[in-house]
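# Working through the structure, step by step
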Amino acid sequence: EVQLVESGGGLVQPGGSLRLACAASGFTFDSYDMTWVRQAPGKGPEWVASITGGGAYTTYADFVKGRFTVSRDNAQNTVYLQMNSLKPEDTAMYYCAKGVGAPGYTLPRNMWGQGTQVTVST
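Figured I'd write up the structure that's included with this text. (Residues numbered from 1 in each chain as written. Predicted model: local features only at pLDDT ≥ 70, side-chain atom pairs only at ≥ 80, totals over all residues. Heavy atoms only, no water.)

To continue, consider the sheet that holds strand 3 (residues 18-25). Here 4 strands make up an open sheet; going across it, the order is 1-3-8-7 and the pairing antiparallel. Strands at the two margins of the open sheet, each flanked by one partner only, are strand 1 (3-7) and strand 7 (68-73). Geometrically, the sheet is characterised by an average inter-axis angle of 15° between neighbouring strands, direction not taken into account. Sheet topology note: the strand 7/strand 8 (residues 78-83) ladder contains 6 bridges and is antiparallel. Pairing of Arg72 across the sheet is with Val79, part of strand 8. (Pairing = 2+ DSSP bridges. Helix = DSSP H or I, 4+ residues; strand = E, 2+ residues; numbered from the N terminus. Axes fitted to C-alpha atoms, helices over the stretch in contact; angles between N-to-C directions.)

Below, the structure written as structure tokens:
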């Protein structure tokens, strides 16, 4: 059974940083691209970033380029999202997902974890 468990969310002030983690199990982790998706209240899901199975290639949504970094540790079956220079508009539930996403494509919900809440506010 595929399990994805996100952690690391919380409340942070604008300009601050958070590091999200997603622990994966139930599949051969390093064989799959992984993706971060977010969804703000009342809005549709947005693709944030993806990373290839070996970790060599990453892609980002324009609205996080230069601020967020996706990485993975295949020995620990974990994918990370380092978020810097956070803005109030980054407030959302963040999910990791098994597979590769793209602008306008956030993967089926049954490929997502349960999510971790990120709130950027004073």
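With 5 bridges joining them, strand 1 and strand 3 adopt antiparallel strand pairing. Within the sheet, the bridge partner assigned to Ser7 lies in strand 3 and is Ala21.

Turning our attention to the nonpolar core. If you look at the biggest cluster of nonpolar residues, it comprises 29 residues, and the most contacted ones within it are Trp36, Val79, Leu81, Met83 and Tyr94. When contributions to this core are tallied by element, the ones reaching two or more residues are strand 3, strand 4 (34-39), strand 5 (46-51), strand 7, strand 8, strand 9 (92-98) and strand 10 (116-120). Those residues within four positions of Tyr94 in sequence are excluded, and the remaining contacts are Glu6, Leu20, Val37, Arg38, Val48, Phe68, Leu81, Met83, Gly115, Thr116 and Val118. Counting 5 residues, the second-largest nonpolar core is a separate cluster that includes Val37, Tyr95, Ala97 and Trp112. (Core = buried A, V, L, I, M, F, W, Y, C linked by side-chain atoms within 4.5 Å. Buried < 20%, exposed > 50% of the residue type's maximum accessible area, 1.4 Å probe, protein only. Contact = heavy atoms within 4.5 Å.)

We now examine the environment of Trp112. Positionally, Trp112 belongs in the loop between strand 9 and strand 10. What makes Trp112 buried here is its relative accessible area of 10%. Between the C-alpha atom of Trp112 and that of Asp62, which follows or precedes it by 50 residues, the distance is 22 Å. There is a polar contact of 3.1 Å between the side chain of Trp112 and the backbone oxygen of Leu107. (Polar contact = N/O pair within 3.5 Å; in protein donor to acceptor, adjacent residues only side chain to side chain.)

Function cannot be read off these values alone, since they describe shape.
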